[in-house]
Amino acid sequence: MKKIAVLTSGGDAPGMNAAIRAVVRTGVQNGLEVYGVPLGYQGLIDGKFIPLGPRDVGGIIQKGGTFLGSARCEEFKTEAGRKTALRALNGNGIEGLVVIGGNGSQTGSYLLSEMGFPVVGVASTIDNDLVGSDITIGVDTALNIALEAIDRLKVTGSSHQRAFLIEVMGRKCGYLALMAAIAGGAETVTLPEIDVEPEEIVKVLSEAYERGKSHAIVVVAEGAKYNATKLAEYFTKHHEEIGFALRVTILGHVQRGGSPSAQDRILASRLGAGAVTSLLKGEYGVLVGWVNNALKTTPLKDVVGKKKQLDMELFELARVLD
Ligand code: ADP
């Protein structure tokens, strides 16, 4: 193998730059030519390959986002689109591809690998919803941003005896919300995996009020049955029962923009380097992830379409500690 390419796809995650840097530098150290593909699968379809040397990826490890750009590309979901991408790869003499991205992106990489092209995925998404990696690139930074927001809202909440509904990202995975709730000492948390009715939250809040708490925090996962906006509508009608005055904060994309944490930089460096090692070993059609505190490759066919299970012990812990 002489020429490989790397792309970032789907939702950006802090640490993607560190992963690209690791792919480029590990690749070059091993005698490979490395090319960056701008804007994810769209760049592949458009046949855009930018040569990258070790110096081109200098000064990016501390930056959030992805300097290659990312995109959502509908065309790649079609067979015709993937065939165009395959022609571009072959036409440019590229012999291996590293796809840094989340669930959707790895579905794309699986389909491309099924067409016979050597692809290796790198687990990167703030949602932490990828089977094949206990933790994915970007999660730690996003969690710390959510935590900082919770800490700040507690301060203002205490001054006014307010309850805050804080909605965090994570799509259909409750990992970020659950961890933010435990680390932030939230009164309660709602998750996509476990339905919590608004009546139960009203009960938790009114009990906290009765116990004399000066503030209350409810962490709401964006993919929960009731998102923060829907809950707020319900609570407005039941204001008397709650006691606290209520405010809503939706963190949204703020969670994505941070400078990657030490953990994300290190994870990204290890996974990016691991992806090149896999390509060099001829181990294709796999996701490089972090499992039981070690690098692990999992066949992409065992990753796509699977749902990561919620850790029920942690959910119980969140309940006990509220
Ligand atoms: P993420 O990788 O963060 O989960 P998306 O789900 O938006 O983000 O997926 C990113 C891109 O991956 C899509 O825009 C598309 O190009 C590609 N992709 C997603 N799902 C599929 C699919 N089923 N088949 C082929 N490509 C897909």
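Source: prediction; values computed, not measured.

Colleague: Could you give an account of the sheet that holds strand 9 (residues 245–250), with specific residues and numbers?
Modeller: Strand order across the open sheet formed by four strands is 7-8-6-9, with parallel pairing between neighbours. Each end of this open sheet is capped by a strand with a single partner; those strands are strand 7 (188–190) and strand 9. Strand-to-strand twist of the sheet, defined as the mean angle between neighbouring strand axes without regard to direction, takes the value 20°. When strand 6 (residues 162–168) meets strand 8 (residues 216–221), the two strands line up parallel, connected through six bridges. Bridging across to strand 8, Val 168 finds its partner in Ala 221.

Colleague: Can you tell me about the site of the ligand, naming the residues and giving the values?
Modeller: Close contacts around the ligand come from 17 residues, with Arg 72, Cys 73, Gly 104, Ser 105 and Arg 171 the closest. Interatomic distance of 2.6 Å between a backbone N/O atom of Cys 73 and an oxygen atom of the ligand. Protein chains shield 86% of the accessible area of the ligand, which is 550 Å² for the free molecule. The biggest single contributor to the shell around the ligand is helix 4 (residues 103–114), with six residues. Counted by class, the shell around the ligand contains four nonpolar, nine polar and four charged residues.

Colleague: Requested: an account of the environment of Ile 217, with residues and values cited.
Modeller: As for its position among the elements, Ile 217 is in strand 8. For the pair Ile 217 and Asp 322, spaced 105 residues apart in sequence, the C-alpha separation works out to 9.6 Å. Sequence-distant contacts of Ile 217, defined by excluding residues within four places in its chain, comprise Ile 150, Lys 154, Phe 164, Ile 166, Ala 186, Glu 187 and Thr 188.

Colleague: Give a detailed account of the pairing of strand 2 (residues 33–36), specifying residues and quantitative values.
Modeller: Where strand 1 (residues 3–8) and strand 2 come together, four bridges link them in parallel fashion. Each bridged residue has a counterpart across the sheet, and for Lys 3 the counterpart in strand 2 is Glu 33. Tracing the backbone out of strand 1, into helix 1 (residues 16–29) and back to the parallel element strand 2 gives a crossover that is right-handed. When strand 2 meets strand 3 (residues 50–52), the two strands line up antiparallel, connected through three bridges. Looking at strand 3, one finds that Val 34 is bridged to Leu 52.

Colleague: Help me get a handle on the domain arrangement of the protein chain, residues and values and all.
Modeller: Partitioning the protein chain into structural domains gives domain 1 (3–138 + 260–302) and domain 2 (141–257). Summarising the inter-unit geometry, the C-alpha centres of domain 1 and domain 2 are found 34 Å apart. Both sides of the domain 1 and domain 2 interface together cover about 1,100 Å² of buried area, and 48% of this is carbon and sulfur. Contact with domain 2 buries area across many residues of domain 1, yet Ile 126, Asp 127 and Asn 128 alone supply 46% of it, more than any other trio.

Colleague: Let's hear about the sheet that holds strand 3: which residues, and what values?
Modeller: The mixed open sheet is built from seven strands, whose spatial order is 3-2-1-4-5-10-11. The two strands at the open ends of the sheet, each matched to only one other strand, are strand 3 and strand 11 (294–299). When the angles between neighbouring strand axes are averaged without regard to direction, this sheet yields 30°. Bridge count for strand 10 (residues 286–291) against strand 11 is six bridges, and the pairing is antiparallel. When the sheet's bridge partners are listed, Val 288 is paired in strand 11 with Thr 297. Most of the contacts of helix 4 go to strand 4 (residues 96–101), to which it runs at about 160°, and overall it touches strand 4, strand 5 (119–123) and strand 10. Helix-sheet contacts for helix 10 (residues 262–281) involve strand 1, strand 4, strand 5, strand 10 and strand 11, and the interaxial angle to strand 10 is about 140°.

Colleague: So what about the UniProt feature "binding site: Mg(2+)" (unreviewed entry) in the protein chain? Which residues, and what values?
Modeller: Within this structure's numbering, the places UniProt gives as "binding site: Mg(2+)" (unreviewed entry) are Asn 103. With respect to the secondary-structure elements, Asn 103 resides in helix 4. Apart from residues lying up to four places away in sequence, Asn 103 is in contact with Asp 129 and Leu 130.

Parameters and conventions
- Just so you know, the residues in each chain are numbered from 1, in the order the chain's sequence is written.
- Local features in a predicted model are, by the rule used here, given only for residues with pLDDT of at least 70; side-chain atom pairs are given and counted only at 80 or more, and totals for whole chains, interfaces and linings are based on all residues.
- Side-chain numbers come from the whole structure's heavy atoms, not from hydrogens or water.
- Whether two strands pair depends on DSSP finding at least two bridges between them.
- Numbering goes from the N terminus for both helices and strands, where a helix is a DSSP run of H or I of at least four residues and a strand is a run of E of at least two.
- Between N-to-C directions, angles cover 0 to 180 degrees, with each direction set by a line fitted to C-alpha atoms, over the stretch in contact for helices.
- Here a residue is considered near a molecule or strand provided that any single heavy atom belonging to it is located within 4 Å of it.
- N or O atoms closer than or at 3.5 Å make up a polar contact, with two conditions inside protein: a donor-capable atom paired with an acceptor-capable one, and, for residues adjacent in sequence, both atoms drawn from side chains.
- All accessible-area figures derive from a Shrake-Rupley calculation using a 1.4 Å probe, and residue coverage is judged against the displayed protein chains alone.
- Any residue that is not Ala, Val, Leu, Ile, Met, Phe, Trp, Tyr, Cys, Pro, Asp, Glu, Lys or Arg is counted as polar, Gly included; the first ten are nonpolar and the last four charged.
- Residue contacts are defined here by distance: any two heavy atoms, one from each residue, within 4.5 Å place the two residues in contact.
- If you view a crossover with the strands going away from you and the path from the first strand over the helix to the second runs clockwise, you call it right-handed.
- Throughout the structure description, domain borders are defined by an automatic or database domain assignment.
- Buried area counts how much accessible surface, traced with a 1.4 Å probe, disappears from two parts once they are put together, with both parts' losses summed.
- UniProt positions are given in the numbering used here, feature names are shortened, and annotations may be inferred rather than shown by experiment.

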